[in-house]
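Here's the letter readout for the chains.
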Amino acid sequence: MASIFRMPGISADAEEATLLEWGIAAGATIKPGDVLATVETDKANVDIEADSDGVVMQLMAEAGDSVAIGAPIAILLDPGEDGSDPAAVLSGLGLAAAAAPAPAAEAAPEASAQPAAAPAPTNDAIAPDETDRGTRLFASPLARRLAVEHGVEISALSGSGPEGRIVRADVERAIASSPAVASATPPPVAPPVAAAPATPKAPQSASDGGVDVPHTAMRRAIASALSASKQTVPHFYLTVTCRVDALLDLRERINTSSAVRVSINDFFVKATALTLRAVPEMNVNWTPTAVKHLDSVDVAVAIQGERGLFTPLIRDADAKSLTEISSSVRDLAQRANDGTLKQHELVGGSFAVSNLGKYGVESFSAIINPPQVGIVAVAGVVRAPLVDGDEIVIGNTVTVTVSVDHRPVDGVLAAQWLARFKEYIENPLSMLV
């Protein structure tokens, strides 16, 4: 039986998402695991895969469209099902039969220049936006809210979405073109969504002589998420200085004998995971109704790549060896730059590790990524005088600051966690047994 393929809810709080490209064409035969489409989220480009066999009858959105979450974007047929009467199929699904099928990929450019019209939703589809008397005004909820916040008259806008739907990008263009509106104070927190055009806009010369580089969808999402975190999550910070002479010696020995080289950061990721296993009360998420205790120890690693900042997860990090962690980090970093990270690799975990040591940073604190409850900020190695018994010696040290969400975690528990963490760092052999 024919089915509707809808824009999936791929990012928390998003009301619409950008369809970057189709992996299929009208008439194509699909099987489980085939990539149907690539969709932009706040952290990565996500491939949406088929979960059953079928045939693509019709595409209902085009690459570059911003589409409301849950809106129909394709019609799929079962193998052998008759799709010769698209109107009848659409009617059977509760969709308007007026929408013409999108052209196949091999059609001439002139034939595919106009976006495919989206069907008028019914009870089985997304409910239509409110309609002005005599004139249909389609706009996403996010576009309407953004227009109200910035004083934009939404009825004066031309929509670039399916069937002329007004989307976030249309409102943002109106804001940018109006000096009075553009100079207004923006709202303090915007939900992290991925609704920008697939191709970034070119830098524009500003009236004051500077150059305005339009925000990418990822930059907006990062800004929104971090702003929301600082404004809604009560952070507190604990700092400790770890002596790392033994860690550096062990790292050198491992790299001398192993085909896989390990970094200092791999030790800190491993120590974070083992400490979460030792102090399970810290391996939690905060939710509006409960403190969720996690079954596995998954640690996120902050990666600054060519495409932006990512925090993919190393699953079951407590059970992985240092060389396995090193290989995982390298793989995640490469795929972050390639834009091939999967959504499930970016969601979950209770803690993250951020390391700025290679830039000579001696101390810093990081912002928590909810619903995680903590992040470990690792600074660089510094040679410093240390008290060793009755003597003053020169040793290698690293300053670590842990940011903690005070809602599920109290100060004493976090201090106990950090003390155990320091033990692992200063006695690195204990991480190998």
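Below you will find a few notes about this structure. (Residues numbered from 1 in each chain as written. Predicted model: local features only at pLDDT ≥ 70, side-chain atom pairs only at ≥ 80, totals over all residues. Heavy atoms only, no water.)

### A word on the overall build of the chain
Step number 1: On a plain count of helices and strands, the chain comes out with nine helices and 20 strands.
Step number 2: Counting the 433 residues in the chain, one finds 47% classified as buried.
Step number 3: Partitioning the intrachain contacts of the chain with sequence separation of at least 6 by distance along the chain shows that 63% fall at a separation of at least 24.
Step number 4: Just so you have it, the chain exposes about 20800 Å², and 53% of that area is on carbon and sulfur atoms. (Helix = DSSP H or I, 4+ residues; strand = E, 2+ residues; numbered from the N terminus. Buried < 20%, exposed > 50% of the residue type's maximum accessible area, 1.4 Å probe, protein only. Contact = heavy atoms within 4.5 Å. Areas by Shrake-Rupley, 256 points an atom, 1.4 Å probe, with all protein chains shown as cover.)

### Observations concerning the pairing of strand β18 (residues 351-355)
Step number 1: The buried count for β18 comes to four of five residues, which makes it a mostly enclosed element.
Step number 2: Pairing geometry for strand β14 (residues 299-301) and β18, over three bridges, is parallel. Looking at β18, one finds that V299 is bridged to F351.
Step number 3: The pairing of β18 with strand β19 (residues 374-388) spans five bridges and is parallel. Pairing of S354 across the sheet is with A377, part of β19. (Pairing = 2+ DSSP bridges.)

### Some words on the environment of L432
Step number 1: With respect to the helices and strands, the residue L432 is situated in the segment after α9 (411-426).
Step number 2: The spacing of L432 and L322 is 110 residues in sequence and 8.2 Å in space, taken between C-alpha atoms.
Step number 3: Other than its neighbours up to four places away in sequence, L432 contacts L250 and L322.

### Quick look at the sheet that holds strand β1 (residues 3-6)
Step number 1: Reading across from one edge, β1-β8-β6-β3 is the order of the four strands in this open sheet, with antiparallel pairing throughout. Sheet topology places β1 and β3 (29-30) at the edges, where each strand pairs with a single neighbour.
Step number 2: Relative to strand β8 (residues 72-77), β1 runs antiparallel, the two sharing four bridges. Of the residues in β8, the one forming a bridge with R6 is P72.

### A short note on the pattern of salt bridges
Step number 1: With the rule as written, the count across this model stands at nine salt bridges.
Step number 2: Each of D331, R335 and E345 takes part in a single network of salt bridges with overlapping partners. (Salt bridge = Lys/Arg side-chain N within 4 Å of Asp/Glu carboxyl O.)

### Quick look at helix α7 (residues 264-278)
At 3.6 residues per turn, the α-helix brings residues three or four places apart onto the same side.
Step number 1: Across its 15 residues, α7 extends 21 Å between first and last C-alpha, which sits within 8% of the 21 Å expected from 1.5 Å per residue.
Step number 2: With respect to burial, α7 is a largely interior element, twelve of its 15 residues being buried.
Step number 3: For α7, the complete set of buried residues consists of N265, D266, F267, F268, V269, K270, A271, T272, A273, L274, T275 and L276. (Expected span 1.5 Å × (residues − 1).)

### Here we look at a nonpolar patch on the surface
Step number 1: A grouping of L429, L432 and V433 is seen on the molecular surface, where their side chains present a nonpolar patch of about 340 Å² in accessible area.
Step number 2: Within the fold, V433 resides in the segment after α9.
Step number 3: The class of V433 is exposed, set by a relative accessible area of 85%. (Patch = residues over 30% accessible without salt bridge, like charges linked within 9 Å, V, L, I, M, F, W, Y side chains within 5 Å.)

### What to know about the pairing of strand β4 (residues 35-40)
Two faces, one strand: in a regular strand the side chains alternate between the faces of the sheet.
Step number 1: Counting buried positions along β4 gives five out of six residues, so the element sits mostly inside the fold.
Step number 2: With four bridges joining them, strand β2 (residues 16-22) and β4 adopt antiparallel strand pairing. The partner of T18 across the bridge, within β4, is E40.

### Things to note about the nonpolar core
Step number 1: M282, V376, W417 and F421 are the most contacted members of the largest nonpolar core, which has 50 residues in total.
Step number 2: Once you skip the residues sitting within four places of it in the chain, V376 turns out to touch T272, F351, A352, V353, S354, V400, T401, V402, W417 and F421.
Step number 3: The next biggest cluster of nonpolar side chains, apart from the first, holds 22 residues, and it includes A17, A37, V56 and A71. (Core = buried A, V, L, I, M, F, W, Y, C linked by side-chain atoms within 4.5 Å.)

### Regarding unusual backbone geometry
Step number 1: The omega torsion of the bond from P370 to P371 falls at 5°, within 30 degrees of zero and hence cis.
Step number 2: For P371, the position within the fold is in the loop between β18 and β19.
Step number 3: Residues other than glycine seldom take positive phi values, yet D316 does so here, at roughly 50°.
Step number 4: Summarising the element assignment, D316 is placed in the loop between β17 (313-314) and α8 (322-338).

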